[in-house]
Amino acid sequence: MPGLLGKKIGMTSVFSAEGKNVPCTVIEAGPCVVTQVKTVEKDGYAAVQLGFQEKKEKRTTKALLGHFKKAGVTPKKHLAEFKGFENDLNLGDNVTVDLFNDAIFVDVIGTSKGKGFQGVVKRHGFGGVGESTHGQHNRARKPGSIGACSYPAKVFKGMRMGGQMGGNRVTVQNLQVLKVISEHNLLLIKGSVPGYKGSIVLIEK
């Protein structure tokens, strides 16, 4: 699907036409520049590679410097491919937030906030083991039995236990577009999107 790279600015709220206070996320969407146009004949599939945010030449590898030089653009920090652009794009073309002027809903892809090692109550929503009274000492937030016994004498794969939480690629679908502010490259989306303030997200129609 056609889309853009953007940066999550943060959350705020706006009033709807009905007078309701609606929470929304502000995203700086683009402008992105076309760094490569892939075709079925040459690459096996059709797609457009977009670059977002400027990057210093001394921090860019020689291979990527050649890639950007071929496209006739300055080095970019972030690259992503999108399919299904209606208009034919050429190397060096700019794609702005105006792409979403006619969009009602979008999908947002980002990396969720990392929360470190967490127990089963926070990670999986377990209720804890039993009551805190009746002589229990420190087992209120423990996972309880994990199912191992004489047969099959092992713990099944996929058992919900404590572990690393967050830091995963997350896609939130069908988020409503509230407003497009072209002069500042801003996109207001209803609700929350994954990631911390300043993180890079992909917005798809």
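None of these values were measured; they are calculated from a predicted model.

Caption draft 1: View of a nonpolar patch on the surface. Where nonpolar side chains cluster on the molecular surface, the patch consists of V155, F156, M159 and M161 and spans about 330 Å² of accessible area. With respect to the helices and strands, M159 occurs in the loop between helix 3 (120–124) and strand 9 (163–165). Residue classification places M159 among the partly exposed residues on the basis of a relative accessible area of 33%.

Caption draft 2: The arrangement of a positive patch on the surface in detail. Together, K113, K115, K122, R141 and K197 make up a region of like positive charge exposed at the surface. Position of R141 relative to the elements: it lies in the loop between helix 3 and strand 9.

Caption draft 3: The arrangement of the pattern of salt bridges in detail. With the rule as written, the count across this model stands at 3 salt bridges. For the salt bridge of E81 with K38, the shortest nitrogen-to-oxygen distance reads 2.7 Å. Separated by 43 residues along the polypeptide, E81 in strand 5 (residues 76–82) and K38 in strand 3 (residues 32–38) bring together distant segments of the chain. Classification of E81 as partly exposed rests on a relative accessible area of 33%. Notably, a salt bridge pairs D102 with K205, separated by 3.2 Å at the nearest N-O pair. Of this pair, D102 sits in the loop between strand 6 (94–95) and strand 7 (105–111) while K205 is found in the segment after strand 12 (200–204), placing the two residues 103 residues apart along the sequence. On the basis of relative accessible area, D102 is assigned to the exposed category, the value being 61%. Assessed through its relative accessible area of 24%, K205 is described here as partly exposed.

Caption draft 4: Expanded view of the pairing of strand 3. In terms of residue burial, strand 3 counts as a mostly covered element, since 5 of its 7 residues are buried. Note that strand 3 and strand 6 share 2 bridges and pair antiparallel. Bridge assignment links V33 to a residue of strand 6, and that residue is N94. One ladder, built from 5 bridges, connects strand 3 with strand 4 (residues 47–54); its direction is antiparallel. The residue bridging Q36 from the neighbouring strand is Q49, located in strand 4.

Caption draft 5: Highlighting the side chain of K38. Accessibility expressed as a relative area gives 16% for K38, which makes it buried. Once you skip the residues sitting within four places of it in the chain, K38 turns out to touch D43, Y45, A46, A47 and E81.

The rules behind the values
- Residues numbered from 1 in each chain as written.
- Predicted model: local features only at pLDDT ≥ 70, side-chain atom pairs only at ≥ 80, totals over all residues.
- Heavy atoms only, no water.
- Patch = residues over 30% accessible without salt bridge, like charges linked within 9 Å, V, L, I, M, F, W, Y side chains within 5 Å.
- Areas by Shrake-Rupley, 256 points an atom, 1.4 Å probe, with all protein chains shown as cover.
- Salt bridge = Lys/Arg side-chain N within 4 Å of Asp/Glu carboxyl O.
- Helix = DSSP H or I, 4+ residues; strand = E, 2+ residues; numbered from the N terminus.
- Buried < 20%, exposed > 50% of the residue type's maximum accessible area, 1.4 Å probe, protein only.
- Lys, Arg positive; Asp, Glu negative; His and termini not counted.
- Charge placed at Lys NZ, Arg CZ, Asp CG, Glu CD.
- Pairing = 2+ DSSP bridges.
- Contact = heavy atoms within 4.5 Å.

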